[in-house]
Amino acid sequence: MRASSPFLCFSLVFLVFSHGAFAQLFGFGGQSAWQSPRSFAGPRGCRFNRLDALNPTQRLRFEAGTVEYYDVYNEMLQCAGVSARRTIIEPRGLFLPQYNNAPSLLYIIQGRGIKGITFPGCPETFQSFQPESEQILTGTAESQSQRIRDEHQKVHRIKQGDIVALPAGVTYWCYNDGDVPLVAIQVFDVSNTANQLEPRQRSFFQAGRHLSGQQTYETGPESYETGPQAYEIEQQAYGAGRQAYEAGVRPIGMAPLRGNNIFNGFDTQLLAEALGVNAELARQLQAQNDPRGEIVFVPGGLRMLRPLRSQEIQQQEFEESMQAQEQFGESWQGPYNVTANGLDENFCTMKIRTNIDRPSRADYYNQRVGRVARVDSQKLPILNLVQMSATRVVLQRNAVITPHWCMNCHCGMYVTQGQGRVQVVNHQGRAVFDGTVRQGQFLLIPQNFVVLKRADPLQGFHWVTFNTNQNAMVNQIAGKLSTFKGMPLQVLMHSYRLSIEQARRLKFSRRNEYTLFTPRSPRTTLLDQ
């Protein structure tokens, strides 16, 4: 026993060191929520003195869909180091494979479809085989094994309310197999340390191309609607824009877009040799004569190997129930695993999506006021790699969300339905935004700026927030677990020159409410005390 003691001690020290080195190698294994994975985004002159609710300023129309960009030159977005775009894929439309220089989160606003993400080094676990009868007819029968017809990595079914995580540099594509347009908002964190190019979003296309003279134009605040009617509106807008373009009308300040996929820059013969194909096929990859753009129409529908839809739904429900149980168990600790042993979950088996739109999945729910659902690295471990998180909020009519600020990140707010009044106040106590934010608009809320929101009395107010930290921390001013609730009455009295009764009223008026508040008049508040 004595002889084995030094060896045992050495083994324990080695394991501890290895775990720490592994976490340090990947940069986020033991990272605290207080730490930021981002470099400073903008120039030191960024002061966020004025914020604006943004509409898309540029729309690119392709064969089977549209991509709309929020102003990439907006000073506040540049300062925060984020960019956003909205994608509309028509039924049987295929969003061609691409990868980006920055990680992003995707929220499905409407519709359903199939999402494919190709992780490097992962096996093609989905395989289909040619039947023996076909092998005999084609003269390709094999004695010991069947001939593989196709194999590919796992594909994921996505639907309205899903948050999808997309790491930087990973190829992804999307197909709309539904009956209505698939609409998604995507937010990129270009100041993330994963991006070592310039501080702006770049897409590297693996197929398709942009044509010289691709239609681009500004969109107004009412340019987007959800539902089947939106498809007809989009078709009419595109037809009018195309006629104007053919007539020689060009949008002011917008230059025609030019670009090709990554294969176009290679020598055709060298590319053919590298891929083991002939020169004609290599030229086909370069898409020099392909007029379809980034989103193409698949006439007969896209055929691929995937489980039956009923099986996929059952699997998703099982995963979501397991995820709910995990919230009460051990938290995620390692860079690639759930149970902290470093082996259980890696790139190839990581979940990339979770749904935050179901009322049953809400972290806080009040039938009269609304609900809040958060997704962070504890619920979706791949967010430790993407280093972003999201929050879904549904406010009923006239409801109010407590004044609060984000402690460790910037927040990008996208309105999915209705509208509401929003006020944002800076460190000088000055309102840098005070106005109505409507459906389809995007508002940046800088770190530590205090925000107050109230839902419209007729439409309510629904939005999703994209956070630039995988574990966003929010500090609330009023209600349960708030700043006011945590302070002694004497501190409140002397800070605001209040009487003891006034301080007690300030501290306890919302004592039974958390995050979302019912609308109350000052007179009602006095009667409740």
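Above this text you will find the structure in question.
Residues numbered from 1 in each chain as written. Predicted model: local features only at pLDDT ≥ 70, side-chain atom pairs only at ≥ 80, totals over all residues. Heavy atoms only, no water.

Q: Explanation requested: the packing of helix α10 (residues 489-496) against helix α11 (residues 500-508) in the structure shown.
A: Packed helices, taken two at a time, are described by the angle between their axes plus the distance between the axes. Running from N to C, α10 and α11 point in directions that differ by 110°, and their axes come no closer than 9 Å. Comparing their axes, α11 and α10 come out roughly perpendicular. Considering how the two elements wind past one another, α10 and α11 form a crossing that is right-handed. Here Leu489, Leu492, Met493 and Tyr496 of α10 lie close against α11, whose contacting residues are Ile500, Ala503, Arg504, Leu506, Lys507 and Phe508. (Axes fitted to C-alpha atoms, helices over the stretch in contact; angles between N-to-C directions. Helix = DSSP H or I, 4+ residues; strand = E, 2+ residues; numbered from the N terminus. Parallel < 35°, antiparallel > 145°, perpendicular 65-115°, else oblique. Left-handed = near helix turned anticlockwise from the far one by under 90°. Contact = heavy atoms within 4.5 Å.)

Q: Help me understand the packing of aromatic side chains in this model?
A: Given two aromatic rings, their pairing is described by the distance between the two centres and the angle made by the two planes. Evaluation of the coordinates by the stated rule reveals 7 aromatic pairs. Where Tyr364 meets Tyr514, the ring centres are 5.7 Å apart and the plane angle is 70°; that geometry is what we call edge-to-face. Of this pair, Tyr364 sits in strand β18 (residues 364-366) while Tyr514 is found in the loop between α11 and β28 (516-517), placing the two residues 150 residues apart along the sequence. Residue Tyr514 is classed as partly exposed on the basis of its relative accessible area of 24%. (Phe/Tyr/Trp six-rings, centres within 6.5 Å; stacked < 30°, edge-to-face > 60°. Buried < 20%, exposed > 50% of the residue type's maximum accessible area, 1.4 Å probe, protein only.)

Q: Would you explain the pairing of strand β19 (residues 370-375) in this entry?
A: Every regular strand shows the same layout, with side chains that alternate between the two sheet faces. Most of β19 sits inside the fold, with 5 of its 6 residues counted as buried. Bridge count between β18 and β19: 3 bridges; the pairing is antiparallel. Looking at the pairing, Asn366 lines up with Gly370 of β19. Between the antiparallel neighbours β18 and β19 lie 3 residues. Bridge count for β19 against strand β20 (residues 389-395) is 6 bridges, and the pairing is antiparallel. Across the sheet, Gly370 pairs through a bridge with Leu395, a residue of β20. (Pairing = 2+ DSSP bridges.)

Q: Sorry, what's going on with the nonpolar core here?
A: The tendency in soluble globular proteins is for nonpolar side chains to be buried as a group. Ranked by size, the top nonpolar core spans 82 residues in total, and within it Leu105, Ile163, Leu395, Val422, Val424, Phe461 and Phe466 carry the most contacts. Take this core: its biggest share by element is 6 residues, from strand β22 (residues 411-425). By size, the runner-up hydrophobic cluster in this structure holds 8 residues, among which are Leu94, Ile114, Val155 and Trp173. (Core = buried A, V, L, I, M, F, W, Y, C linked by side-chain atoms within 4.5 Å.)

Q: Looking at this structure, how should I read the sheet that holds strand β2 (residues 65-70)?
A: Two strands in a sheet stick together by hydrogen bonds in their backbones, pointing the same way (parallel) or opposite ways (antiparallel). The strand order β1-β2-β3-β12-β5-β10-β17 describes an open sheet built from 7 strands, whose pairing is antiparallel. The two strands at the open ends of the sheet, each matched to only one other strand, are β1 (56-62) and β17 (353-355). Ignoring strand direction, the axes of neighbouring strands in this sheet form an average angle of 20°. The sheet contact formed by strand β10 (residues 162-166) and β17 spans 3 bridges and is antiparallel.

Q: Help me understand the pairing of β20, please; the structure alone is not making it clear to me.
A: Counting buried residues along β20, 7 of its 7 residues qualify, which places the element largely inside the surrounding structure. Where β20 and strand β26 (residues 461-467) come together, 7 bridges link them in antiparallel fashion. Bridged to Ala390 within β26 is Phe466.

Q: How do you make sense of the pattern of salt bridges when you look at a structure like this?
A: Following the criterion strictly, the structure yields 16 salt bridges and no others. The salt bridge involving Arg59 is made with Glu68; its shortest N-O contact spans 2.5 Å. There is no split in this pair, since Arg59 and Glu68 are both buried. For the salt bridge of Arg421 with Asp434, the shortest nitrogen-to-oxygen distance reads 3.1 Å. (Salt bridge = Lys/Arg side-chain N within 4 Å of Asp/Glu carboxyl O.)

Q: Would you mind going over the packing of helix α5 (residues 268-275) against helix α6 (residues 279-286) with me for this structure?
A: Packing of α5 against α6 leaves a shortest axis separation of 8 Å and a crossing angle of 105°. Taken as axis vectors, α5 and α6 run roughly perpendicular relative to one another. Contacts between α5 and α6 involve Thr268, Gln269, Leu271, Ala272 and Leu275 on the former and, on the latter, Ala279, Ala282, Arg283, Leu285 and Gln286. Split into classes, the residues belonging to the contact of α5 with α6 amount to 6 nonpolar, 3 polar and 1 charged. (Nonpolar A, V, L, I, M, F, W, Y, C, P; charged D, E, K, R; others polar.)

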